[in-house]
Amino acid sequence: TPGKIANAATVTINKKPVVSPPSYTYWGNLVVNKVEGVTPLAGAVFDVFDMTEATCATTHPGGTALATGTSDTTGVVQWGNPAAGHQGLWIANSNTELTNPTKAYCLYETQAPAGYTKITTPTVVTITTADLATLTQDIQNVKVPGPDLPLTGSSGTIMLTIAGLGLIGLGTGGIMLRRRTAKRN
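Below you will find a few notes about this structure.

Parameters at a glance
- Residues numbered from 1 in each chain as written.
- Predicted model: local features only at pLDDT ≥ 70, side-chain atom pairs only at ≥ 80, totals over all residues.
- Heavy atoms only, no water.
- Helix = DSSP H or I, 4+ residues; strand = E, 2+ residues; numbered from the N terminus.
- Buried < 20%, exposed > 50% of the residue type's maximum accessible area, 1.4 Å probe, protein only.
- Areas by Shrake-Rupley, 256 points an atom, 1.4 Å probe, with all protein chains shown as cover.
- Pairing = 2+ DSSP bridges.
- Phe/Tyr/Trp six-rings, centres within 6.5 Å; stacked < 30°, edge-to-face > 60°.
- Lys NZ or Arg CZ within 6 Å of the ring centre and 35° of its normal.
- Polar contact = N/O pair within 3.5 Å; in protein donor to acceptor, adjacent residues only side chain to side chain.
- Core = buried A, V, L, I, M, F, W, Y, C linked by side-chain atoms within 4.5 Å.
- Disulfide = S-S within 2.5 Å.
- Salt bridge = Lys/Arg side-chain N within 4 Å of Asp/Glu carboxyl O.
- Contact = heavy atoms within 4.5 Å.

Overview of the overall build of the chain
- The helix and strand inventory of the chain stands at one helix and twelve strands.
- Looking at the chain as a whole, 28% of its 185 residues are labelled buried.
- Total accessible area on the chain stands at roughly 12100 Å², and carbon and sulfur atoms take up 59% of it.

Here it is as structure tokens:
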């Protein structure tokens, strides 16, 4: 459950109940949308890691990720736990209430959708308890650049056909001229 969760316990000692002061834990949700412009992309795989330094490591840290998920046909990453389109991430624990606590995580793309370039730098996502505790992060991809192909459709096909027929005509004319010349001799 995203947001603030207060926990208190009642302990009975010598038949006298004692209520402990509440302690708090804070959670937020991460939703990742994989897109090119506004087009959703399926098949991208992401890993989420704790941000343990001032910045994320420039390369995938290896080891076991906190969460791994794959984007579906709507571009939304479906996380292994829970598979509900969001990933619950811990923010903080405290014996007193905190005002808007946050925690940063590192998001790594480990596999790009087919035909797209994988993002090689991590994305820092900062989870907070504000705004219903859900951070929606759009991750853009670009297509793999392809080779420049010759113009073969429409007017290109017509031009190639005319050029081919012209060469056939020249070849046929050359053969006929040669036969005529050969008959005279």
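A word on the pairing of strand β2 (residues 10-13)
- Direction of pairing for β2 relative to strand β3 (residues 16-19): antiparallel, over a ladder of four bridges. Within β3, the residue paired with Val 11 across the bridge is Val 18.
- Between β2 and β3, which pair antiparallel one after the other, the connecting turn spans two residues, and Asn 14 there sits at a positive phi close to 50 degrees.

Describing the packing of aromatic side chains
- Scanning all chains against the criterion turns up one aromatic pair.
- Here the guanidinium or amino end of Lys 103 rests over the ring plane of Tyr 105, the centre of that ring lying 5.0 Å away.

As for the side chain of Thr 25
- Along the chain, Thr 25 turns up in strand β4 (residues 23-36).
- A polar contact is formed between the side chain of Thr 25 and the side chain of Trp 27, at a distance of 3.2 Å.

Let's talk about the nonpolar core
- The biggest cluster of nonpolar side chains holds 18 residues, and the ones touching the most others in it are Leu 30, Val 32, Phe 46, Val 48, Trp 79 and Leu 107.
- When residues of this core are traced back to their parent elements, those giving at least two are β4, β6 (45-50), β8 (77-79), β9 (87-94), β10 (102-111) and β11 (123-128).
- In terms of residues, this core owes the most to one element, β4, which gives four residues.
- Met 51, Ala 65, Cys 106 and Tyr 108 belong to the second largest nonpolar core, which has six residues in total.

What to know about the state of the cysteines
- Within the structure shown, the criterion is met by one disulfide.
- Here Cys 56 engages in a disulfide with Cys 106; their sulfurs sit 2.0 Å apart. Disulfide Cys 56-Cys 106: torsion about the S-S bond near -95 degrees, hence left-handed. A residue pair is termed long-range when its members are at least 10 positions apart, and Cys 56 in the loop between β6 and β7 (67-71) and Cys 106 in strand β10 qualify at 50 residues. Considered together, Cys 56 and Cys 106 belong to a single accessibility category, that of buried residues.

What about the pattern of salt bridges?
- Counted under the stated rule, the structure contains three salt bridges.
- Notably, a salt bridge pairs Glu 109 with Lys 34, separated by 2.7 Å at the nearest N-O pair. Here Glu 109 is found in strand β10, whereas its partner Lys 34 is found in strand β4, with 75 residues between them in sequence.
- You can call Glu 109 buried: its relative accessible area is 6%.
- You can call Lys 34 buried: its relative accessible area is 0%.

Some points on the environment of Leu 107
- Its place among the elements puts Leu 107 in strand β10.
- A relative accessible area of 1% places Leu 107 in the buried class.
- Between the alpha carbons of Leu 107 and Thr 121 there is a distance of 9.0 Å; along the sequence they are 14 residues apart.
- Sequence-distant contacts of Leu 107, defined by excluding residues within four places in its chain, comprise Val 32, Phe 46, Asp 47, Val 48, Trp 79, Pro 122, Thr 123, Val 125 and Ile 139.

This is a description of form; function is not addressed.
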